[in-house]
Amino acid sequence: MSKICIFLSLTLALFVNSEQNTPIVITTWNFVNSTITAWNILKQGGYSLDAIERGTSICEEQQCDGTVGYGGSPDEDGETTLDALIMDGRTMNVGAVAALRRVKHAASVARHVLEHTKHSILVGELATQFAVRMGFHEETLTTPDSKRMWLKWYYRDHCQPNFWMGVTPDPSKFCGPYSKIDNFRHKYYNWLPIKVDRFNHDTIGMVAIDRKGDVAAGTSTNGAKFKIPGRVGDSPIPGSGAYADNTVGGATATGDGDIMLRFLPSFLAVEEMRRGASPTEAARTAINRIATHYPDFMGAVIALSIDGAYGAACHGLGDDPFPFVVQDITMHKYKIEKVNCSWPLH
Ligand code: ASP
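Residues numbered from 1 in each chain as written. Predicted model: local features only at pLDDT ≥ 70, side-chain atom pairs only at ≥ 80, totals over all residues. Heavy atoms only, no water.

**A look at the overall build of the protein**
Note the threshold: In DSSP terms, a helix is any run of H or I states spanning at least four residues, a strand is any run of E spanning at least two, and both are numbered starting from the N terminus. Each residue is assigned to one of three classes by its accessible area relative to the maximum for its type, calculated with a 1.4 Å probe on protein chains only: buried under 20%, partly exposed between the two thresholds, exposed over 50%. Whether two residues are in contact is decided by their heavy atoms: any pair within 4.5 Å suffices.
Across its full length, the protein carries nine helices and 14 strands. Put simply, the protein has 346 residues, and 55% of those count as buried. Considering only residue pairs separated by 6 or more positions, the protein has 63% of its internal contacts joining residues 24 or more positions apart.

Structure representation (structure tokens):
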């Protein structure tokens, strides 16, 4: 009997091993070049943290969809600022920057926060000072395109839409500067919804597992178009924008960050996988939690478990499915997967 058991468990081990699809990387949206860049590092036996840093950096350099890197999503003053995060699932260490000004390589600055400080997040002008001290170059993140976008929003569209409420002059009609008003629920309450769609709002989020089984995750974005200066989204917040834990796997999120960060969806997805959920089930739970409170929110979560299984869930993209990119050791080429965002998710 015991011989049979040993034989069966050896066969099972061989089977599991032959199914092993790590190293693997998954990326939000169809950010293919980032996936290829990360994959090239992973397939040569490189470190998952390097794959995440390089993968997200390429998107910053190539200004993916205009929503990652310089020259996109100008804030109310016309300035582009960047948010990025990198998390090491081996050490549970995090480096992040938020509202980073005048430095293009937010993902690499985040890596420097991780490796050269005992902190986790640096923000704004002082994050820029840190980056310069670490050898990064300071330059404007404004481009002719972002300038044009801002001029149109300010002069032609009278600052519509915007993120203000309960202020005067009426933010649904006029530009600021605004000052607060009392009893704002009755007066000048800005109900005009900001339409969050994939061209005014995106993040590259990546999760990777390398040959040694180390998990890393990261994000980079220029945030929300016409945000109030100083706004920090979900992307640089650990557990919200991304999360990684070598014992379980990792997850990352994209979408309406002001809402999503209230629910730590990446952390929730990882914790669901720890409790035995599949990556798809875990991502659905994270999305469902948000949608229960905010039925109109737009967002997606992708999740990867330590055994190389992956999945995703999304909400609020209308009839469009949510795409994400995968490449693992069993594939000749990356694969673009798609999930439907129909609600409710089961
Ligand atoms: N989550 C990002 C933010 O709100 C944008 C996005 O992923 O669509 O800053």
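Let us keep going from here.
**Some thoughts on the site of the ligand**
Definition in use: By convention in this text, a residue qualifies as near a molecule or strand provided that one of its non-hydrogen atoms is within 4 Å of it. Counted as a polar contact is a pair of N or O atoms within 3.5 Å, where, for protein atoms, one must be capable of donating a hydrogen and the other of accepting one, and residues adjacent in sequence contribute only when both atoms are in side chains. Note on areas: Shrake-Rupley with a 1.4 Å probe; residue coverage comes only from the protein chains shown. Each residue is assigned to one class: nonpolar for Ala, Val, Leu, Ile, Met, Phe, Trp, Tyr, Cys and Pro, charged for Asp, Glu, Lys and Arg, and polar for all the others, Gly among them.
Around the ligand, the structure places ten residues, and the nearest of them are T203, R231, D234, T254 and G255. R231 is positioned with one of its side-chain polar atoms (N or O) 2.8 Å from an oxygen atom of the ligand. Considering the ligand on its own, with 270 Å² of exposed area, one finds that the protein chains cover 100% of that surface. Taken together, the residues that form the shell around the ligand break down as no nonpolar, seven polar and three charged.

**Notes on the sheet that holds strand β11 (residues 299–305)**
Heads up, the condition is: Think of it this way: DSSP has to see at least two bridges between two strands before they count as a pair. Interaxial angle, 0 to 180 degrees, is taken between N-to-C directions of lines fitted to C-alpha atoms, where a helix line uses only the stretch in contact.
As summarised here, the arrangement of the four strands in space is β9-β10-β11-β12, forming an open sheet in which the pairing is antiparallel. Sheet topology places β9 (242–245) and β12 (310–315) at the edges, where each strand pairs with a single neighbour. Pairs of neighbouring strands in the sheet enclose a mean axial angle of 10°, with direction left out of account. As paired strands, β11 and β12 are joined by six bridges and run antiparallel to one another. Note that in β12 the partner of A300 across the bridge is C314. Set on the sheet, helix α8 (residues 265–274) makes contact with β9, β10 (249–255) and β11; between it and β10 the angle comes to about 145°. Each of β11 and β12 touches helix α9 (residues 279–293); the most contacted strand, β12, lies at about 20° to it.

**Notes on the packing of helix α3 (residues 48–61) against helix α4 (residues 106–116)**
Selection criterion: By the definition adopted for this analysis, an angle is roughly parallel if under 35 degrees, roughly antiparallel if over 145, roughly perpendicular if from 65 to 115, and oblique otherwise.
With their axes 8 Å apart at the nearest point, α3 and α4 run at an angle of 150° to one another. When the interaxial angle is binned, α3 and α4 end up roughly antiparallel. Contact with α3, carried on its side by L49, D50, E53, T56, S57 and E60, involves A106, A107, S108, R111 and L114 of α4 and no other residues of that element. Partitioning the contact of α3 with α4 into residue classes produces four nonpolar, three polar and four charged.

**Details of the environment of N33**
With respect to the helices, strands and loops of the structure, N33 is situated in helix α2 (residues 32–43). Spatially, the C-alpha atom of N33 lies 9.4 Å from that of C64, the residues being 31 residues apart in sequence. If near-sequence neighbours (up to four positions away) are discounted, N33 is found in contact with I58 and Q62. Within the structure, N33 has its side chain in polar contact with the side chain of Q62 (distance 2.9 Å).

**Things to note about the state of the cysteines**
Heads up, the rule is: Cysteine sulfur atoms that come within 2.5 Å of each other are treated as a disulfide pair.
In the structure shown here, the tally under the stated rule is three disulfides. Covalent S-S linkage joins C59 and C64, the inter-sulfur distance amounting to 2.0 Å. Around the S-S axis, the bridge from C59 to C64 shows a dihedral of about -120° and counts as left-handed. Taking the relative accessible area as the measure of exposure, C59 reaches 0% and is therefore buried. For C64, a relative accessible area of 11% corresponds to the buried category.

**A short note on the pattern of salt bridges**
As a reminder, the rule being used: By convention in these notes, a salt bridge is any Lys or Arg side-chain nitrogen within 4 Å of a carboxyl oxygen on Asp or Glu.
Following the criterion strictly, the structure yields 19 salt bridges and no others. Across the pair R274 and D245 runs a salt bridge, and its minimum N-O distance is 2.8 Å. Linking R274 in helix α8 with D245 in strand β9, this pair joins segments that are 29 residues apart in sequence. The salt bridge involving E272 is made with R275; its shortest N-O contact spans 3.4 Å. Owing to a relative accessible area of 13%, E272 belongs among the buried residues under this scheme. Assessed through its relative accessible area of 67%, R275 is described here as exposed. Shared partners join several salt bridges into a network, and the residues in it are E79, R101, R102, E125 and E138.

**Let's talk about the sheet that holds strand β8 (residues 215–221)**
Here we have eight strands laid out as an open sheet, ordered β4-β3-β2-β8-β7-β1-β13-β14, and mixed in their pairing. What marks the edges here is a single partner per strand, and that holds for β4 (121–123) and β14 (335–339). Taking each pair of neighbouring strands and ignoring which way they run, the sheet shows an average axis angle of 15°. Of the strand pairs in this sheet, strand β1 (residues 24–28) and strand β7 (residues 204–209) are connected by four bridges, and their pairing is antiparallel. Across the sheet, residue V25 finds its bridge partner in β7, namely A208. Running over the sheet, α4 touches β2 (81–88), β3 (93–101) and β4 and is turned about 135° from β3.

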